[in-house]
Amino acid sequence: MRFENRVALVTGAARGIGAATARLFAAEGARVAVLDLDESQARQVSDGFAYSGLAIGCDVSKRSEVDAAVARTVERFGTLDILVCCAGILRDNLLHRMSEEDWDAVIDTHLKGTFLCIQAAQRVMVEKRYGKVVLLSSTSALGNRGQTNYTTAKAGLQGMARTLAIELGPFNINVNAIAPGFVETAMTRATAERIGMDFEEMKRTRAEAIPLRRVAQPEDIASCIAFFCSDESSFVTGQTLYARGGP
Ligand code: NAP
C-alpha cells in the first residue's frame, strides 16, 4: 500500500504502460485519474479498480483540456500527488518522407503534452510542497532509424526531467524519466503491422538481442514508475532509468 492517501493522474492510461501503471497505483491504495483521448476506453480501466477511479477524456496537446483534467482530478479527489505522462503516438518515416504533420503530431503529443501536463500539475504540487512526476522517454532517445520526430521528443523529455528536477526540487517535487526498450503493447504491435512483420516473430528476434532474452511487459515498466513515485526514491530526481533488459 505504498500509495495509500495519494492521488495519481496517469495520461495515456486506457492501455499499455499507462493502464498497467494506473492499475498498480490503484492496487496499492491510490485514488487514480485515468486520462486518455477516449473517455469510454479510460473508463474500462478505472471501472476495474477496487479503490476510487476517475476516467477523463483529454487530448494532452490541448492546454484547455489538460487544465480541465487536472481541475477535475482535484475536484474529485481533493489534491494531486503523482503525475505520470504515458500518452504517446508513433508516426515513423525516414526523414525525406516525414511530413510536417507527422513531425508536429509526435512533438505535440510527447513534448508539448508532457510540458502542459506538468505545468498544470505543478500548481497543485508546489502549493502542497509534495509531488512525484514521471516522464516516458525511450531507448529511441539514443537514435533510431525512421524516428526523427519520436527520438527528438524522447531525448527532449530527458532534458525536461533534468531541468524540472532543478526547478521543482526546492518544492519537494521529484521529476524522473523512464526509458523503456521494447515493450509488448498496442504501440509495438502496430509497428509490426506497419512494416508487415508477424508480431510474434518481431518479439522473438528482439528478445534474442536483449541480454535478459525477453521483451518487456507493461507491468515491468509500471513497477519502475511506481518506484519513482514512491517515497523509497525520495532522494532521486532528474534521472533517466533505462528499463531495457540490458545495460
Ligand atoms: P500505447 O499502448 O499506444 O498507449 C498509448 C496511449 O496514449 C493510447 O491509449 C493513446 O490513445 C493515448 N494517446 C495518444 N495520444 C494522446 C493524446 N494526445 N492525449 C491523450 N492520450 C493520448 O503505448 P505504450 O506502448 O503503452 O507507450 C506508453 C508510453 O511509453 C509512450 O509515451 C511511448 O512512447 C513510451 N514507450 C513505449 C515503448 C514500447 O515499446 N511500447 C518503449 C519506450 C517508450 P489512442 O489509442 O486513442 O491513440
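Every chain begins its residue count from 1, and numbering advances along the sequence as written. For a predicted model such as this one, the threshold for reporting local features is a pLDDT of at least 70, and the threshold for listing and counting side-chain atom pairs is 80 or more; totals across whole chains, interfaces and linings nevertheless cover every residue. Where side-chain values are given, they derive from all heavy atoms of the structure, hydrogens and water being excluded.

S.K.: Which residues make up the domain arrangement of the protein chain, and what are the values?
M.R.: It is common to give the size of an interface as the accessible area that goes away when the parts come together. Its domain assignment divides the protein chain into domain 1 (7–181 + 218–243) and domain 2 (183–215). Note that domain bounds follow an automatic or database assignment of domains. Domain 1 and domain 2 are separated by 23 Å when their C-alpha centres are compared. It only takes one pair of heavy atoms within 4.5 Å for two residues to be counted as in contact. Taken together, the contact between domain 1 and domain 2 spans 13 residues of the former and eight residues of the latter. Of the roughly 740 Å² buried where domain 1 meets domain 2, counting both sides, 61% is carbon and sulfur surface. Here a salt bridge means any side-chain nitrogen of Lys or Arg lying within 4 Å of a carboxyl oxygen belonging to Asp or Glu. At the boundary of domain 1 with domain 2, the tally comes to two salt bridges. Between Arg194 and Asp92 there is a salt bridge whose closest N-O contact spans 3.3 Å. Buried area adds together the accessible area that both of two parts lose upon being put together, with accessible area traced by a 1.4 Å probe.

S.K.: Summarise the pairing of strand β6 (residues 173–180); cite the residues concerned and give the values.
M.R.: Look at any regular strand and the pattern is simple: side chains alternate between the two faces of the sheet. Among the eight residues that make up β6, eight are buried, leaving the element largely enclosed by the rest of the structure. Each residue is assigned to one of three classes by its accessible area relative to the maximum for its type, calculated with a 1.4 Å probe on protein chains only: buried under 20%, partly exposed between the two thresholds, exposed over 50%. In this text, helices come from DSSP runs of H or I with a minimum length of four residues, and strands from runs of E with a minimum of two, each type numbered from the N-terminal end. Across the two faces of β6 the burial is the same, with Ile173, Val175, Ala177 and Ala179 and Asn174, Asn176, Ile178 and Pro180 all buried. Orient the strands so they point away from the viewer, and a crossover whose first-strand-to-second-strand path over the helix runs clockwise is right-handed. Between strand β5 (residues 131–136) and its parallel partner β6, the chain crosses via helix α5 (residues 148–168), and the hand of that crossover is right-handed. Of the pairings in the sheet, the one linking β6 to strand β7 (residues 240–243) comprises four bridges and is parallel in character. Among the inter-strand pairings, Ala179 is bridged to a residue of β7, identified as Tyr242. At least two bridges found by DSSP between two strands are what make those strands a pair.

S.K.: I'd like a rundown of the sheet that holds β6, residues and numbers included.
M.R.: Strand order in the open sheet formed by seven strands is β3-β2-β1-β4-β5-β6-β7, and the pairing between neighbours is parallel. Single-partner strands in this sheet number two, and they are β3 (53–57) and β7. Each neighbouring strand pair of the sheet contributes to a mean axis angle of 15°, computed without reference to strand direction. Judged from the four bridges that link them, strand β4 (residues 82–85) and β5 form a sheet pairing that is parallel. Looking across to β5, one finds that Cys85 is bridged to Leu135. Axis definition: a line fitted to C-alpha atoms, over the contacting stretch in the case of helices. Angles run 0 to 180 degrees between N-to-C directions. Relative to the sheet, helix α1 (residues 16–27) contacts β1 (7–11), β2 (31–36), β4 and β6, its axis offset from that of β1 by approximately 170°. Contacts from helix α4 (residues 100–128) reach β1, β4, β5 and β6 within the one sheet, and its direction differs from that of β4 by about 175°.

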